[in-house]
Amino acid sequence: MRVIIQPDTQGVARWAARYIAARINGKNGGRFVIGLPTGSTPVETYKELIKLHKAGKVSFANVVTFNMDEYAGLPADHPQSYRTFMWRNFFDHIDINPQNVNLLDGNAPDAETECTSYEEKIAAAGGIDLFLGGIGSDGHVAFNEPFSSMTSRTRVKSLTAETIAANSRFFGGDVAKVPKLALTVGVGTVMDAREVVILATGHGKARALHHVIEGAYSHVWTASALQTHPRGMIVCDDAATYELRVGTARYFLDIEKDNLDPATIAL
C-alpha cells in the first residue's frame, strides 16, 4: 500500500487529480475505465480535474465511468441524488461522452437485477482501470458498511445510523429525509480494479485511517481491504494522519519524499 501525505485538502486534490490525469493520458487516447465516488471529499479533486481539462492537459472523450453508489428510491433528478451530484460537480464541465457514463438506477423496478446488470457492464467494459474512492468515518468504502463481506458485489445495502447522520448535512440536517437504503458496488467490485486510490481528508477520518493502515484486515473496517490490493493507494492530508503512529507517518513521508509534489507527476 502506498500512502501519500499532503499538507491540506487542496494538496490532496491537486495530487490525486494529476495522478488520475496521468493515468488517463498513459492510455494514449485509448479507453480508460474509472470508478468514481460522490460525497464531499472528492469534490475538490473533481474541480482540479476540470481545471486540467480546461487547460488542455487531459481529455475525457474516451473515458468510461462507473459510479460507486446511489440512494434507493430517491428521484433521479433530486438535488441530492448521486446522478445529479455527478453531472453538477463533474460531468457537465468536461468532454465526456454521456453514453460512457454508467450510474446505478436507484429507482429500478428490480433492484437486484439492476445490481447484477451493473456488474455485467463493468465486465463488458474490460474491468475498471482505476477506482477512486473516499472513506467513511467508520472505515466504509462506497456504502459497504462495517461487517460487509470483503468479497461482496454490487447489491442493495441498509445504511447505518452513523452514515445516515453524516449524510443528513446534505438534506438540511434532517435524518428523516435521508434514504435508508442504497445500491452500492461491493468491496470485491472495488478490489477487482487494477488500481484503487482512496482519498481521506480531515480529523474526522483519522480514526478510520489508523485502522485501515495500521489495523488488521477486517470486515469491521471495510476499506482495510486495500491492504491486500497490489496497487492500492491512500492520498490523505496531514489532519487525517493524527491517529497514526508517528513512525508510520514518517515512514510514508520518507519513502514517498520524491513523489509528494504534484508537479512531479508528468502529464
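Everything numeric in this text was worked out from a predicted model, so none of it was measured.

A. How the structure looks around the environment of Lys257. With respect to the helices and strands, Lys257 occurs in the segment after helix H8 (246-255). Counting along the chain gives 152 residues from Lys257 to Asp105, while the straight-line C-alpha distance between them is 42 Å.

B. Highlighting the packing of helix H1 (residues 9-25) against helix H2 (residues 43-54). Put simply, H1 and H2 touch, their axes get as near as 8 Å, and they point 50° apart. By the angle between their axes, H1 is oblique relative to H2. Taken as a pair, H1 and H2 cross one another with a handedness that is right-handed. On H2, the residues touching Thr9, Gln10, Ala13, Arg14, Ala16, Ala17, Arg18, Ile20 and Ala21 of H1 are Glu44, Thr45, Glu48, Leu49 and Leu52. Looking at side-chain class alone, the contact of H1 with H2 contains 7 nonpolar, 3 polar and 4 charged residues.

C. Inspection of helix H7 (residues 206-214) at higher detail. Burial in H7 covers these residues: Ala206, Ala208, Leu209, Val212, Ile213 and Glu214. Structurally, H7 contributes buried residues whose contacts are with strand E1 (2-6), strand E9 (196-200), strand E10 (232-237) and H8.

D. A look at the sheet that holds strand E3 (residues 63-67). Pairing is parallel across the open sheet formed by 7 strands, whose spatial order is E1-E10-E9-E6-E2-E3-E5. Both edges of this open sheet fall to E1 and strand E5 (101-102), since each of them pairs with a single strand only. Here strand E2 (residues 32-36) pairs with E3 via 5 bridges, running parallel. Note on E3: the bridge partner recorded for Gly35 is Phe66.

E. A look at the pairing of E3. By the criterion of burial, E3 is predominantly enclosed, with 5 of the 5 residues buried. Residues Val63, Thr65 and Asn67 of E3 are buried on one face, and the alternating residues Val64 and Phe66, pointing to the opposite face, are buried as well.

F. Geometry of the sheet that holds strand E7 (residues 155-158). Pairing is antiparallel in the open sheet, where 3 strands are placed in the order E4-E8-E7. At either end of the open sheet lies a strand with only one pairing partner, and these are strand E4 (69-71) and E7. The sheet shows a mean angle of 30° between the axes of neighbouring strands, taken without regard to direction. When E7 meets strand E8 (residues 181-184), the two strands line up antiparallel, connected through 4 bridges. In the sheet register, Arg155 faces E8, and the bridge partner there is Thr184.

G. Highlighting the side chain of Asp69. With respect to the helices and strands, the residue Asp69 is situated in strand E4. In this structure, Asp69 is buried with no salt-bridge partner, the nearest side chain bearing the opposite charge being Arg155 at 9.6 Å.

H. Molecular detail of the pattern of salt bridges. Enumeration over the complete set of coordinates arrives at 11 salt bridges. Asp129 is the partner of Lys27 in a salt bridge, and the nearest nitrogen-oxygen pair spans 3.5 Å. One end of the pair, Lys27, is in the loop between H1 and E2; the other, Asp129, is in the loop between helix H4 (111-124) and strand E6 (130-133), and 102 residues separate them in sequence. A relative accessible area of 10% places Asp129 in the buried class. Ionic pairing is found between Arg194 and Asp129, a salt bridge with its closest N-O pair at 3.0 Å. With Arg194 in the loop between helix H6 (187-191) and E9 and Asp129 in the loop between H4 and E6, the pair connects residues that are 65 residues apart, well separated along the chain. By relative accessible area, Arg194 is classed as partly exposed at 43%. The network of salt bridges with common partners includes Arg23, Glu195 and Arg231.

I. Representation of the environment of Ser137. Here Ser137 shows up in the loop between E6 and E7. You can call Ser137 partly exposed: its relative accessible area is 30%. Sequence separation of Ser137 and Asp110 is 27 residues, and the distance between their C-alpha atoms is 31 Å. Discounting residues that sit within four places of it in the chain, Ser137 has contacts with Glu162, Gly204, Lys205, Ala208 and Trp221. Within the structure, Ser137 has its side chain in polar contact with the side chain of Glu162 (distance 2.8 Å).

The rules behind the values
- Residues numbered from 1 in each chain as written.
- Predicted model: local features only at pLDDT ≥ 70, side-chain atom pairs only at ≥ 80, totals over all residues.
- Heavy atoms only, no water.
- Helix = DSSP H or I, 4+ residues; strand = E, 2+ residues; numbered from the N terminus.
- Axes fitted to C-alpha atoms, helices over the stretch in contact; angles between N-to-C directions.
- Parallel < 35°, antiparallel > 145°, perpendicular 65-115°, else oblique.
- Left-handed = near helix turned anticlockwise from the far one by under 90°.
- Contact = heavy atoms within 4.5 Å.
- Nonpolar A, V, L, I, M, F, W, Y, C, P; charged D, E, K, R; others polar.
- Buried < 20%, exposed > 50% of the residue type's maximum accessible area, 1.4 Å probe, protein only.
- Pairing = 2+ DSSP bridges.
- Lys, Arg positive; Asp, Glu negative; His and termini not counted.
- Salt bridge = Lys/Arg side-chain N within 4 Å of Asp/Glu carboxyl O.
- Polar contact = N/O pair within 3.5 Å; in protein donor to acceptor, adjacent residues only side chain to side chain.

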